[in-house]
Amino acid sequence: ATDAGESEMLLEPGEMVPVEQLLYGIMVMSGNDAAMVAAEAVAGDVQAFVSMMNARAAELGLKETSFANPHGLDAEGHYSTARDLATLGAYAMKNPEFAKLAGTDRIEFPWPGRSENRVMLNHNKLVGKVSFVTGIKTGFTNKAGFCLVGSGSRDGVNLVTVVLGTESSDICGQDTVRLLEYGFSLYREQVLI
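This section reports on the structure supplied with the text. (Residues numbered from 1 in each chain as written. Predicted model: local features only at pLDDT ≥ 70, side-chain atom pairs only at ≥ 80, totals over all residues. Heavy atoms only, no water.)

### Remarks on the packing of helix 1 (residues 19-27) against helix 2 (residues 32-43)
Consideration 1: Between helix 1 and helix 2, the least distance of the axes is 8 Å, while the angle of their chain directions is 135°. It follows that helix 1 is oblique to helix 2 by the angle criterion. Where helix 1 crosses over helix 2, the two elements pack in a sense that is left-handed. The segment helix 1 lies against helix 2, with Leu22, Gly25 and Ile26 engaging Ala34, Ala35, Val37 and Ala38.
Consideration 2: Here the contact of helix 1 with helix 2 is built from residues that sort into six nonpolar, one polar and no charged. (Axes fitted to C-alpha atoms, helices over the stretch in contact; angles between N-to-C directions. Helix = DSSP H or I, 4+ residues; strand = E, 2+ residues; numbered from the N terminus. Parallel < 35°, antiparallel > 145°, perpendicular 65-115°, else oblique. Left-handed = near helix turned anticlockwise from the far one by under 90°. Contact = heavy atoms within 4.5 Å. Nonpolar A, V, L, I, M, F, W, Y, C, P; charged D, E, K, R; others polar.)

This is the structure we're talking about:
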């Protein structure tokens, strides 16, 4: 798991980490190493976990999604669509614990064996900076470009957006904010009686 590569929470071989920290490592730090450790802990090995992911995707009706790993890096047979990611994001944000993880901009935990704490800063730069943004998850691969499944809440309206394949995280964030603002503009209060 410590060789997952790309974005990591910097786990070390033999390190004992509470599940809560792994979950923050996955959602806030985009820790591919944390995703691998969690997969092994839940299912016994990565492939068994990937099978669980694909079974759950089918249950949720994600018809154009196939997982090949728990972290989302490019792999043969690993793909999804904006529609499926939006469906998954909306489903996940109904879980208060998931929403808490997705909406955390910064958190730190003691880092055993080190003088400093393990500080986790959300890769979604909109969280904590744009008042109505509530999450969800960034991503980047060479094939997919910069991606963001975003979420926002304003006046009781909750929205999920998906931006895929942009050239930078800044463009991805700007497009997400524009989509959320557009979505909010479509709703208005109406007195029925």
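### Regarding the pairing of strand 2 (residues 118-121)
Consideration 1: Only one face of strand 2 is buried, namely the one carrying Arg118 and Met120, since none of Val119 and Leu121 on the opposite face is buried.
Consideration 2: Direction of pairing for strand 1 (residues 106-109) relative to strand 2: antiparallel, over a ladder of four bridges. Each bridged residue has a counterpart across the sheet, and for Glu108 the counterpart in strand 2 is Val119. (Buried < 20%, exposed > 50% of the residue type's maximum accessible area, 1.4 Å probe, protein only. Pairing = 2+ DSSP bridges.)

### A word on helix 3 (residues 46-59)
Consideration 1: In this model helix 3 runs 20 Å from its N-terminal to its C-terminal C-alpha over 14 residues, within 8% of the 20 Å that 1.5 Å per residue would give.
Consideration 2: Listing the buried residues of helix 3 in full gives Val46, Val50, Met53 and Ala57. Projected onto a plane normal to the axis of helix 3, the buried residues spread over an arc of 55° and lie on a single side. Relative to its buried face, helix 3 has exposed residues pointing more than 90 degrees away, namely Ala58 and Glu59.
Consideration 3: Looking at the packing, one finds that the buried side of helix 3 touches helix 2.
Consideration 4: Its side-chain oxygen 3.1 Å from the backbone nitrogen of Gln47, Asp45 forms the N-cap of helix 3. (Expected span 1.5 Å × (residues − 1). Arc of directions from axis to C-beta. Polar contact = N/O pair within 3.5 Å; in protein donor to acceptor, adjacent residues only side chain to side chain.)

### Comments concerning unusual backbone geometry
Consideration 1: The linkage connecting Gly135 with the following residue, Ile136, adopts the cis geometry, with an omega of 15°.
Consideration 2: Relative to the helices and strands, Ile136 is located in strand 3 (residues 133-141).
Consideration 3: Positive phi values are uncommon outside glycine, yet Leu10 reaches one of about 65°.
Consideration 4: Position of Leu10 among the secondary structure elements: in the segment before helix 1.
Consideration 5: Positive phi, normally seen in glycine, also occurs at Ser30, with a value near 55°.
Consideration 6: Secondary-structure assignment places Ser30 in the loop between helix 1 and helix 2.
Consideration 7: A relative accessible area of 12% means that Ser30 is categorised as buried.

### Examining the nonpolar core
Consideration 1: Judged by nonpolar contacts, the single largest core of 19 residues is most densely connected at Met9, Leu11, Leu22, Tyr24, Met120 and Ile136.
Consideration 2: Those elements giving two or more residues to this core turn out to be helix 1, helix 2, helix 5 (96-102) and strand 1.
Consideration 3: In terms of residue count, the dominant contributor to this core is helix 1 (three residues).
Consideration 4: With twelve residues, the next largest nonpolar core counts Val133, Leu159, Val163 and Leu180 among its residues. (Core = buried A, V, L, I, M, F, W, Y, C linked by side-chain atoms within 4.5 Å.)

### Section: the side chain of Thr65
Consideration 1: Within the secondary structure layout, Thr65 lies in the loop between helix 3 and helix 4 (82-93).
Consideration 2: For Thr65, the side chain forms a polar contact with the side chain of Ser80, separated by 2.7 Å.
Consideration 3: A polar contact of 2.7 Å, which involves the side chain of Thr65, links it to the side chain of Asp84.
Consideration 4: Setting aside anything within four residues of it in sequence, one finds Thr65 in contact with Tyr79, Ser80, Thr81 and Asp84.

### Some thoughts on the packing of aromatic side chains
Consideration 1: Counted by the stated rule, this structure contains three aromatic pairs.
Consideration 2: Their ring planes at 40° and their centres at 4.4 Å tell us that Phe140 and Phe146 sit as a pair that is tilted.
Consideration 3: For Phe146, a relative accessible area of 25% corresponds to the partly exposed category.
Consideration 4: The ring of Trp111 is capped by Arg114, whose NZ or CZ atom sits 4.0 Å from the centre of that ring.
Consideration 5: In this structure, Arg154 packs its charged tip against the face of Phe132, placed 4.6 Å from the ring centre. (Phe/Tyr/Trp six-rings, centres within 6.5 Å; stacked < 30°, edge-to-face > 60°. Lys NZ or Arg CZ within 6 Å of the ring centre and 35° of its normal.)

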